[in-house]
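Summary of structural features
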Amino acid sequence: MRDGGIPSYRRSARTDVRLWLLFAFGLIFFWAGSMLRPEENCSEDGRECAPWLVPMAQGFGALVALGAGLTILANPRRGSCIDVRTGELLWWQGRIGAAGGDEGRIHPSRIGKLRIVRRDEQEDEVHLYDLAGNRLFWFDQEVIPWPYDRWAEQLRGAWPHIEIEIAD
């Protein structure tokens, strides 16, 4: 099999739930800031008063919503696949329109190790190394499907020389 049984993976900003949550978060802050009157944002005794917090929260919400909205509008794409023409593993991030974005490629016979770093509170990290031990740019957890270890096992199933390292 030319692609080694590795499925293509493609995602875009418009299908990324995280960006939609950021957009909603920003809109909520913006809306809440517009509903509160800064001069009424004080304690009963008047000792604790910070009227500048309301417009600051509203501005923060506007910036977050604007940033997420523009990213959704631009719709950068990321993903990976096996190029059926060359047999190389190809990955990309930040593709907008016809622009290529950041991308890399390597033939799987030149891959030495795929390292998965498990994190308790954050998303796991994924790193790809060539046979010389050099980490390959722009290859991370964003360009392969979750669960990462299943994808790594499919890669090793097609090319058994690849080492899979899982660090906790």
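Placed above this text is the structure.
All figures in this text were calculated on a predicted structure; none of them were measured in a lab.

Remarks on the pattern of salt bridges
Within the structure shown, the criterion is met by 15 salt bridges. Between Arg78 and Asp16 there is a salt bridge; the shortest N-O distance is 3.6 Å. Pair noted here: Arg78 is in strand S2 (residues 77–82) and Asp16 is in the loop between strand S1 (9–12) and helix H1 (17–35), with a separation of 62 residues, a long-range link. Among the residues examined, Arg78 registers a relative accessible area of 14% and is labelled buried. Taking the shortest distance from any N to any O, the salt bridge between Glu142 and Arg18 comes out at 3.1 Å. Within this pair, whereas Glu142 is found in the loop between strand S6 (125–130) and helix H3 (148–158), its partner Arg18 is found in helix H1, the two being separated by 124 residues in sequence. Each of Asp16, Arg18, Arg78, Glu123 and Glu142 takes part in one network of salt bridges that share partners.

Structural notes on the packing of H1 against helix H2 (residues 53–74)
Direction vectors running N to C along H1 and H2 enclose 150°, while the axes themselves pass 7 Å from each other. Considering the angle they form, H1 stands roughly antiparallel to H2. Between H1 and H2 lies a crossing of left-handed hand. Two secondary-structure elements touch here, H1 through Leu19, Trp20, Leu22, Phe23, Phe25, Gly26, Leu27, Phe29, Phe30, Gly33 and Ser34 and H2 through Val54, Ala57, Gln58, Phe60, Gly61, Ala62, Val64, Ala65, Ala68, Gly69, Thr71 and Ile72. Within the contact of H1 with H2, the residues separate by chemical class into 16 nonpolar, seven polar and no charged.

Structural notes on the sheet that holds strand S4 (residues 102–106)
Strands pair in a sheet through their backbones, by hydrogen bonds, and they do so in one of two ways: parallel or antiparallel. Pairing within the open sheet is antiparallel, and its four strands lie in the order S1-S2-S3-S4. Lying at the two open borders of the sheet, with one neighbouring strand each, are S1 and S4. Each adjacent strand pair in this sheet contributes to an overall mean axis angle of 5°, direction not counted. Bridge count for S2 against strand S3 (residues 89–95) is five bridges, and the pairing is antiparallel. Paired with Cys81 across the bridge in S3 is Leu90.

Thoughts on the sheet that holds strand S5 (residues 111–117)
Taken together, three strands build an open sheet; the order of strands is S6-S5-S7 and the sheet is mixed. Two strands in the sheet have a free side with no partner beyond their single neighbour: S6 and strand S7 (163–167). On average, adjacent strands in this sheet sit at an angle of 15° to one another, irrespective of strand direction. Contacting S5, S6 and S7, H3 runs over the sheet at an angle of about 165° to S5.

Details of the packing of aromatic side chains
Inspection of the entire model under this criterion finds seven aromatic pairs. With a centroid separation of 5.2 Å and an interplanar angle of 90°, the aromatic rings of Trp91 and Phe139 are classed as edge-to-face. Here Trp91 is found in strand S3, whereas its partner Phe139 is found in the loop between S6 and H3, with 48 residues between them in sequence. A single burial state applies to Trp91 and to Phe139, both of which are buried. Ring geometry for Phe137 and Trp138: centres 5.9 Å apart, planes at 50°, overall tilted. By relative accessible area, Phe137 is classed as exposed at 64%. Taken together through their ring pairs, the aromatic side chains of Phe25, Phe29 and Phe60 make up a single cluster. One cation-aromatic arrangement involves Lys113 over Tyr129; the distance from NZ or CZ to the ring centre is 5.0 Å.

What counts and how
- Residues numbered from 1 in each chain as written.
- Predicted model: local features only at pLDDT ≥ 70, side-chain atom pairs only at ≥ 80, totals over all residues.
- Heavy atoms only, no water.
- Salt bridge = Lys/Arg side-chain N within 4 Å of Asp/Glu carboxyl O.
- Helix = DSSP H or I, 4+ residues; strand = E, 2+ residues; numbered from the N terminus.
- Buried < 20%, exposed > 50% of the residue type's maximum accessible area, 1.4 Å probe, protein only.
- Axes fitted to C-alpha atoms, helices over the stretch in contact; angles between N-to-C directions.
- Parallel < 35°, antiparallel > 145°, perpendicular 65-115°, else oblique.
- Left-handed = near helix turned anticlockwise from the far one by under 90°.
- Contact = heavy atoms within 4.5 Å.
- Nonpolar A, V, L, I, M, F, W, Y, C, P; charged D, E, K, R; others polar.
- Pairing = 2+ DSSP bridges.
- Phe/Tyr/Trp six-rings, centres within 6.5 Å; stacked < 30°, edge-to-face > 60°.
- Lys NZ or Arg CZ within 6 Å of the ring centre and 35° of its normal.

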